[in-house]
Every structure is written in C-alpha cells, then in structure tokens.
Amino acid sequence: MLEGAEFYFNVDHGYLEGLVRGCKAGLLTQQDYINLVQCETLEDVKIHLQTTDYGNFLANQTNPLTVSKIDTEMRKKLCREFEYFRNHSLEPLSTFFTYMTCSYMIDNVILLMNGSLQKKSVKEILVKCHPLGRFTEMEAVNIAETPSDLFNAVLVETPLAPFFQDCMSENILDELNIELLHNKLYKSYLEAFYKFCKNHGDVTAEIMCPILEFEADRRAFIITLNSFGTELSKEDRETLYPTCGKLYPEGLCLLAQAEDFDQMRRVADHYGVYKPLFDAVGGGSGGKTLEDVFYEREVQMNVLAFNRQFHYGVFYAYTKLKEQEMRNIVWIAECISQRHRTKINSYIPIL
Amino acid sequence: MSGKDRIEIFPSRMAQTIMKARLKGAQTGRNLLKKKSDALTLRFRQILKKIIETKMLMGEVMREAAFSLAEAKFTAGDFSTTVIQNVNKAQVKIRAKKDNVAGVTLPVFEHYHEGTDSYELTGLARGGEQLAKLKRNYAKAVELLVELASLQSSSPGSNAPLLTSSQSWMSESEKSSIG
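Computed from a predicted structure; not experimentally measured. (Residues numbered from 1 in each chain as written. Chains lettered and ligands numbered in written order. Predicted model: local features only at pLDDT ≥ 70, side-chain atom pairs only at ≥ 80, totals over all residues. Heavy atoms only, no water.)

## Side note on the nonpolar core
Core analysis: the biggest nonpolar cluster contains 131 residues, and Ile70, Phe96, Phe163, Phe193, Phe221 and Ile332 of chain A have the highest contact counts within it. Leaving out residues up to four positions away in the same chain, Phe193 of chain A has contacts with Phe96, Tyr99, Met100, Met208, Leu212 and Tyr316 of chain A. If you look at the next biggest cluster of nonpolar residues, it comprises six residues, including Phe44, Val104, Leu106 and Leu162 of chain B. (Core = buried A, V, L, I, M, F, W, Y, C linked by side-chain atoms within 4.5 Å. Buried < 20%, exposed > 50% of the residue type's maximum accessible area, 1.4 Å probe, protein only. Contact = heavy atoms within 4.5 Å.)

## A short note on helix H1 (residues 13-76) of chain B
Taking 1.5 Å of rise per residue, 64 residues should cover 94 Å, and H1 of chain B covers 92 Å from first to last C-alpha, within 8% of that figure. One or two residues past the end of H1 of chain B sits Gly77 of chain B, with phi positive at roughly 80 degrees. (Helix = DSSP H or I, 4+ residues; strand = E, 2+ residues; numbered from the N terminus. Expected span 1.5 Å × (residues − 1).)

## Description of the confidence of the model for chain B
Residue and element names in this part refer to chain B. Across chain B, pLDDT averages 84, with 95% of residues at or above 70. Considering each helix and strand of chain B separately, the mean pLDDT is smallest for helix H2 (residues 80-85), with a value of 80, and largest for H1, with 91. Across the interface, the model reports ipTM at 0.82; the global pTM reads 0.85. (pLDDT = per-residue confidence, 0-100.)

## Details of the packing of aromatic side chains
If you walk through the whole model with that rule in mind, you get 26 aromatic pairs over all chains. Ring geometry for Trp331 of chain A versus Phe67 of chain B: centroids 5.4 Å apart, planes at 45 degrees, classification tilted. One end of the pair, Trp331 of chain A, is in helix H16 (residues 313-337); the other, Phe67 of chain B, is in helix H1, on a second chain. According to the relative accessible area criterion, Trp331 of chain A is buried, its value standing at 4%. Here the aromatic residues Phe9, Phe96, Tyr99, Phe163, Tyr186, Tyr189, Phe193, Phe196, Phe310, Tyr312 and Tyr316 of chain A are joined through ring pairs into a cluster of three or more. (Phe/Tyr/Trp six-rings, centres within 6.5 Å; stacked < 30°, edge-to-face > 60°.)

## Focus: the environment of Ala333 of chain A
Residue and element names in this part refer to chain A. Counting through the fold element by element, Ala333 comes out in helix H16. Sequence separation of Ala333 and Val156 is 177 residues, and the distance between their C-alpha atoms is 41 Å. With near-sequence residues (within four places) excluded, Ala333 lies in contact with Leu42, Val67 and Ile70.

## Re the confidence of the model for chain A
Looking at chain A as a whole, the pLDDT averages 86, with 93% of positions reaching at least 70. Strand E2 (residues 172-173) of chain A is the least confidently modelled element of chain A, averaging 58 in pLDDT, while H16 of chain A averages 93, the highest of any element.

## Let's talk about the interface of chain B and chain A
Of the residues lining the interface, 25 residues belong to chain B; the matching set on chain A comes to 39 residues. Taken together, the links from chain B to chain A amount to two salt bridges. Between Lys73 of chain B and Glu334 of chain A there is a salt bridge; the shortest N-O distance is 3.8 Å. Going through the elements one at a time, H1, H2 and helix H3 (128-178) of chain B are the ones with two or more residues in the side of chain B that touches chain A. Among the elements that make up the side of chain B that touches chain A, the one with the highest residue count is H1 of chain B (nine residues). Here the side of chain B that touches chain A is composed, by residue class, of seven nonpolar, ten polar and eight charged. (Salt bridge = Lys/Arg side-chain N within 4 Å of Asp/Glu carboxyl O. Nonpolar A, V, L, I, M, F, W, Y, C, P; charged D, E, K, R; others polar.)

## Examining the pairing of strand E1 (residues 92-101) of chain B
Residues in a regular strand point their side chains to alternate faces of the sheet. Residues and elements named next belong to chain B. Taken together, the ten bridges between E1 and strand E2 (residues 104-113) define a ladder with antiparallel strand orientation. Opposite Ile94, over in E2, you have His111 as the bridge partner. Adjacent in sequence and paired antiparallel, E1 and E2 are bridged by two residues, among which Ala102 carries a positive phi angle near 50 degrees. (Pairing = 2+ DSSP bridges.)

Here it is in structure tokens:
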C-alpha cells in the first residue's frame, strides 16, 4: 500500500468526507443540551430541536408527542444520511460501510432466529429490526426449521457468513443459547473488522485500530462484570472475549479468572489506559458506573478521530456520535415526560 | 311506640312469661349481631387504612420502576423485543387463601416464586447492571400490586356481610325496644 493518503484519497472519497464533516458540525453543542434540559414538556423539546440541524423532522407527527416517536424519527434521519453515504461510496470505503452495518445485521439475525424458533410471523419482527442492518434475504428467514438450516439456506449468502463459521462445527451450530451466540458472532465480527482496518494501513489503521481495540477490551470488561452471579462458567466467558484488544492474551486470561469487581480492577491496573478509567468509577449508587465511564471514553476517541484527515474513521465516528446524541436526547425527553429531573444531567456530553 | 308495631296478645301470666323469654332471645340475638358487625367494621377499617398506605407507596414504586426502565434503555439500547420474544413461563405466581373473620371468609392472595430467571444473560454485553436494577424494581412493584389486589378484593367481601349484619342489628334493636 502506498503511503501518503493525501495524494489519492480525495479522488474517490473527498466528496463524502466533506459531507460527513458538514454533518458533524451539525451535532448538538453543550448550549443546545442546556436548552433542552430546561424544557418543561416534550413540545418545548420539539421547538428547541427545530432550531438545530434536526429542523422540522417532527412536523408530521400527530399529538400527543411521545418519546418513542422522537426516537423513531431521529433514527430515520440517521438512516437516510447513512444510506446516502453508502450509496455514493466506492471501494474500499463501501466494504468499510458493509463492516459497519454488520453489527446491526447481527442484531437483526438474532431477532429473526429467535422469532422463527418461537413461530412468530416474520412481518412483525421485520418491523422491529434495525433499519441499518437490512439485508435482502431477511424475509426468507421463516423457511428454516433450525438455526443450522437457517445458516445453510439463507445466511451463507450474506456478509455474516464468515462470522457464523467460527461458531459452527460440521455444519451444525454449536451454540444453542441465543445470547451466547449473539456475543460470539459479535466477537468474530470485531476481529474481522480489526483485521480489515489493519490491512488497509495508512491513517485509517492509525485511527480505527485503537477505537476497535478499546471496543474489544470494553466488551471483555463488561461481559466479566455482568457474568458475576450468573450461571455463565469461566470457560464459556473466556470464549466470548474478543482477542483484538490490548488485553490479549495475558489480560484476558486474568479476566477469565476474576470473580469480583476488585479482581477485575487489579487486572485493569496493569494497563495504563484503563487504570484512570477504573479510578473514575464512583462507588455505590451516587457516582458513575463503569459503563458510563466507558461511554465517555468512546465519545472522546470518536471526537478525536475528526482531527486527522483522509481516513475512513470519520464515518464510523460520526455514526457512533450521532447514536450517542440520539440516546442523550431520548434520555432528556424521558426525564422530562416522567417528571423525574434529578438525573437529567447524566447524559454524555459530546462537544 | 308506634301503633303498627303492637303485638296483639291476650294479657295472661303465661303470655307474659312467654313474651319475656322472647325478649331475652331477641336481646341475645341483637348482641351477637352487634359483636359481628363490630368485628367486621374493625377489620374493614384496617383494610381501608392498608389500602391507602399501599396505594401511596404504589405511586412511588411505579415511578421509580418506570425511571429505571429509561435508565436501562439509555445504557443497553432497545431490549424490548428480546424480552417479549423470550417470554416463557411466569416466574411469580399467586395463591389464593381463605381467611375467617367472625364467620365471614375473606380471600387473601399470596405470591410465590417458581423457576429460574430466563433473562439472566440479557444485557451481558451492555447494560447488565441497569437491567438487574430494573428487574428488582419491577419485582417490587408486582409484589405491591399483589398485596393491593388482595386488600381490595377482601374489602367488598367484608363490606357486604357488615351491611347485612348491621341492618339486621338495627331492625332487631327496633323490635327489642318495642317489647
């Protein structure tokens, strides 16, 4: 791969990079959040959002305005933007976009598999699927009886096929527990995405690899934390850890043996990046939880991605930041509609 | 003493003895009914007091539970479809028992747990802590609801016999005041 992305990046991807930077400039600022927090009703929230980049996206909604309507409309807007980027992209950016949609596709496939096992109609599940994870074979899911048939008939054509390969032996799906299957698929997906970025080299690798390493380690920590007290065994837990992060291999071994939060903390203390994060976790119910701290760090890394030019990480970072913004707005709207304002400032500030 | 309630009787000594015995019987009956109505009134008032307390508590608990749902959605994303699709058998069930107060049977509901949590691994990758808190809050809400249902179903159950016994008591007391 030739070094010097600045020589040829703009030929294929310059228009889209300019566009995504323009969209990023439209993200809500701290002032916008302060205004939203001071709203009394959801109608006020709608009026405030009209002054931002969202514009009149709620104009066609009938009364009464609910939080789920706001959420749906925001998601539609994000999908429109994403589809526009994707349709105008060239290789290898389009493969990058495909990788980004794989995570939503995995969620949708798990939903569909669950639904077909419970003999529910495909139509009602399709409505609940994430729009960014749409793939053409979705409607065909209900013809299969077991998950293995499903794979052989339908999923082998999708980009998800290699991730399923890791979970299968002799053409039969090993994992029968849906949640564990979900996590194993996500692990294979992360590792494949990481390899793709690394092979691409250049600025993209410099930006995306740390972000994906953090995502992998974050998953390892959270899975460990949430598996204390459940029937998930230590060996099972270890098979769910993605291996493309900083914790591989020693940290993951130590994490698999951990039995409570303090042991996990000691594992994190070996790594300079994670020690301050764990120190920032407040004890008990008052302070921040580990997940909040991880969310903040993710947002920080995504914002820093915009400081370099000529790489694909801006698209990934923009999508993630937009999703976080949607979560923030939904959180503030819920606090307002439930009139429970004590924790209204617990959103994650972006800019 | 109104004219209609006069009992026509032949004034003989035997008639007087018979009438006295009848009066005594009526008075004993009235006292028993009074005791029954007092016991039922007491029970009814207790139930009402508990209903008011439980309803106030219910408001708080439901608010807390709805807020913890919002918190869980913030961290874990939208898990509602997963939860709805994995519905299997009920984990919390209700038993109905009978309670006896002054001869009146009142129904009482009691909840019990059965089976394991089928949502143990939901939220494994994100939001597990918030989901656990959410499960606890809603479990508390369900228990309170069962208690409230038990109280509210026993309150009309105790009210009806109370009314009939107090009506009979009043008509009895009228009759005995004549004789």
